[in-house]
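# Commentary on secondary and tertiary structure
Listed below, chain by chain, are the residues.
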Amino acid sequence: MRATASTKTKYCLYCSGKGYFQLVLGGSETCPCCGGSGKQK
Ligand SMILES: [Zn+2]
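Residues numbered from 1 in each chain as written. Predicted model: local features only at pLDDT ≥ 70, side-chain atom pairs only at ≥ 80, totals over all residues. Heavy atoms only, no water.

### Looking at the packing of aromatic side chains
Convention followed: The aromatic pairing rule takes the rings of Phe, Tyr and Trp, using the six-membered ring of Trp, and pairs them if the centres are within 6.5 Å, calling planes under 30 degrees apart stacked, those over 60 edge-to-face and the rest tilted. Relative accessibility decides the category of a residue: with a 1.4 Å probe and only protein chains considered, values under 20% of the type maximum give buried, values over 50% give exposed, and everything between is partly exposed.
Summed over the entire model, instances satisfying the criterion amount to one aromatic pair. Between tyrosine 14 and phenylalanine 21 the ring centres are 5.5 Å apart and the planes differ by 80°, which places this aromatic pair in the edge-to-face class. Assessed through its relative accessible area of 53%, tyrosine 14 is described here as exposed.

Here it is in structure tokens:
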């Protein structure tokens, strides 16, 4: 199994690098883990 994504950039696992969550009821919420950047600290 090969990793296609760069190992240098680690995306936030909490929001999968999106920086926000897609709410079921509609709209979106900023990820509290990365603060909306989508990148892992
Ligand atoms: Zn996040």
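### Focus on the environment of tyrosine 11
Our working rule: Only DSSP runs of H or I covering at least 4 residues are called helices, and only runs of E covering at least 2 are called strands; the numbering of each starts at the N terminus. Whether two residues are in contact is decided by their heavy atoms, any of which lying within 4.5 Å being enough.
Secondary-structure assignment places tyrosine 11 in the segment before strand E1 (20–22). A sequence separation of 30 residues divides tyrosine 11 from lysine 41, and the C-alpha atoms of the two residues are 8.7 Å apart. Once you skip the residues sitting within four places of it in the chain, tyrosine 11 turns out to touch Gly17, Gly38, Lys39 and Gln40.

### Section: the coordination of the zinc ion
Our working rule: As a rule, N, O and S atoms within 2.8 Å of a metal are its donors, except that Na, K and Ca use 3.2 Å; water is not among the atoms, so sites may look incomplete.
Looking at the zinc ion, the protein donor atoms are Cys12 (SG), Cys15 (SG), Cys31 (SG) and Cys34 (SG), and they sit 2.3 to 2.4 Å from it. Linear spacing of the donor residues for the zinc ion on their chain is C-x2-C-x15-C-x2-C. Here cysteine 15, found in the segment before E1, pairs with cysteine 34, found in the segment after strand E2 (28–30); they are 19 residues apart in sequence, far enough to count as distant. When its relative accessible area of 5% is taken as the criterion, cysteine 15 is described as buried. Residue classification places cysteine 34 among the buried positions, given a relative accessible area of 8%.

### Observations regarding the environment of tyrosine 14
Tracing the chain through its elements places tyrosine 14 in the segment before E1. It is 8.8 Å that separates the C-alpha atoms of tyrosine 14 and proline 32, two residues lying 18 residues apart in sequence. In this view, tyrosine 14 contacts Phe21, Cys31, Pro32 and Cys33; residues no more than four positions away in its chain are not counted.

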